[in-house]
Amino acid sequence: MFKRIGIVAKQDDAAVRGALESALAVLTRYQVDVIVDAGAASALNGNYRHGTDSELVADRDLVITVGGDGTLLRAAKLAFPRAVPLLGINLGRLGFLADISPQQVSQGLEAILGGRFVEEERAVLLCELVRDGVVVAAQPALNDVVIQRWNSPRLITLNTYVDGRFVHTQRSDGMIISTPTGSTAYALSGGGPILEPSVPAMLLVPICPHSLTNRPLVIPDSSRVEIDVAAEDVSVSNVNADGNSLPGWLPGDRIRITRHPASVRLLHPAGHDHFATLRAKMQWGRPPC
């Protein structure tokens, strides 16, 4: 089923090599054509074919990430425009996206290569910087778009619109616009709710608002969110999508966030249960007998 696989690995992590070697032992037995990124090539001392970012997804049936959720987010940006599915081997601390542990690599990969897996689609946001009606910069985000104050102790002022309707003016440290996937990331720290990944919604979560009446909002993911930042605050604020800054922000620019037409395809071992993952990561306790 998966005969051409790309591998993206976290760089400069001592645990990467062992997980990679376990994965490659399985892939070699299944006679899979493998191409690796710079991080994996470095960990393997150059023993496997090294490809560019475009080559890692150009003709691949699957991309495997070795690292944490950050590594998977980086690979997702490459893979989702070509609808290439992703599988994550988790070396991080939380790992809501990458869910195969280093101890499960051989068993988990063999099951997936044998067709025993579940697939889900995760929504992606498109963040655009609009100037005089023209898009001058754009970034996708699987987790979230974050507008926040930058290099200043002052709060910033945000004017928010949903589908052309004015929502509020907010003085705060910023705002998180999150997918259901990102609801367990920064938005969770900001007091937002956890959304089941298939819920067609996005979150608007204020970051330390001046008024305690500013609360998180859940809106349909078909919505168009537009945010203006007060002109005097543009120089001391930043907008990023999954940690990637949108450059060249000027006074008068508008930030527009919509659902991207493409989705991220995630693969999990058969029997994957999102609530079981939440219980384990959030330490919610065991199910009743």
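Structure shown above.
As the structure is a prediction and not an experimental result, all values here were calculated from the model.

Cut-offs and rules
- Residues numbered from 1 in each chain as written.
- Predicted model: local features only at pLDDT ≥ 70, side-chain atom pairs only at ≥ 80, totals over all residues.
- Heavy atoms only, no water.
- Axes fitted to C-alpha atoms, helices over the stretch in contact; angles between N-to-C directions.
- Helix = DSSP H or I, 4+ residues; strand = E, 2+ residues; numbered from the N terminus.
- Left-handed = near helix turned anticlockwise from the far one by under 90°.
- Contact = heavy atoms within 4.5 Å.
- Nonpolar A, V, L, I, M, F, W, Y, C, P; charged D, E, K, R; others polar.
- Buried < 20%, exposed > 50% of the residue type's maximum accessible area, 1.4 Å probe, protein only.
- Pairing = 2+ DSSP bridges.
- Polar contact = N/O pair within 3.5 Å; in protein donor to acceptor, adjacent residues only side chain to side chain.

Draft legend 1. Examining the packing of helix 1 (residues 16–29) against helix 5 (residues 105–113) more closely. Running from N to C, helix 1 and helix 5 cross one another at 35°; their axes reach a closest spacing of 9 Å. Like other packed secondary-structure pairs, helix 1 and helix 5 cross with a definite hand, here right-handed. Between helix 1 and helix 5, the contacting residues are Ala19, Ser22, Ala23, Val26, Leu27 and Arg29 on the first element and Val105, Ser106, Leu109, Glu110 and Leu113 on the second. Taken together, the residues of the contact of helix 1 with helix 5 break down into seven nonpolar, two polar and two charged.

Draft legend 2. Seen up close, the environment of Ala9. By the secondary structure assignment, Ala9 is in strand 1 (residues 4–9). With a relative accessible area of 0%, Ala9 lands in the buried category. Distance from Ala9 to Ile89, taken between C-alpha atoms, is 9.4 Å for residues 80 residues apart in sequence. The contact partners of Ala9, leaving out residues within four places of it in the chain, are Val16, Leu20, Asp37, Gly39, Ala40, Val66, Thr71 and Arg74.

Draft legend 3. Region of interest: the sheet that holds strand 6 (residues 125–131). Within the open sheet, the six strands sit side by side as 7-6-17-14-9-10. Their pairing is antiparallel. In this open sheet, the two strands that pair with only one neighbour each are strand 7 (134–141) and strand 10 (165–172). For this sheet, the mean inter-axis angle between neighbouring strands, taken without regard to orientation, is 20°.

Draft legend 4. Structural view of the side chain of Asp228. Along the chain, the position of Asp228 falls in strand 14 (residues 225–229). Side chain to side chain, Asp228 and Arg254 meet in a polar contact 2.7 Å long. In contact with Asp228, other than residues within four places in its own chain, are Thr157, Leu158, Asn159, Tyr161, Asp253 and Arg254.

Geometric descriptors of this kind do not, in isolation, establish any biological role.
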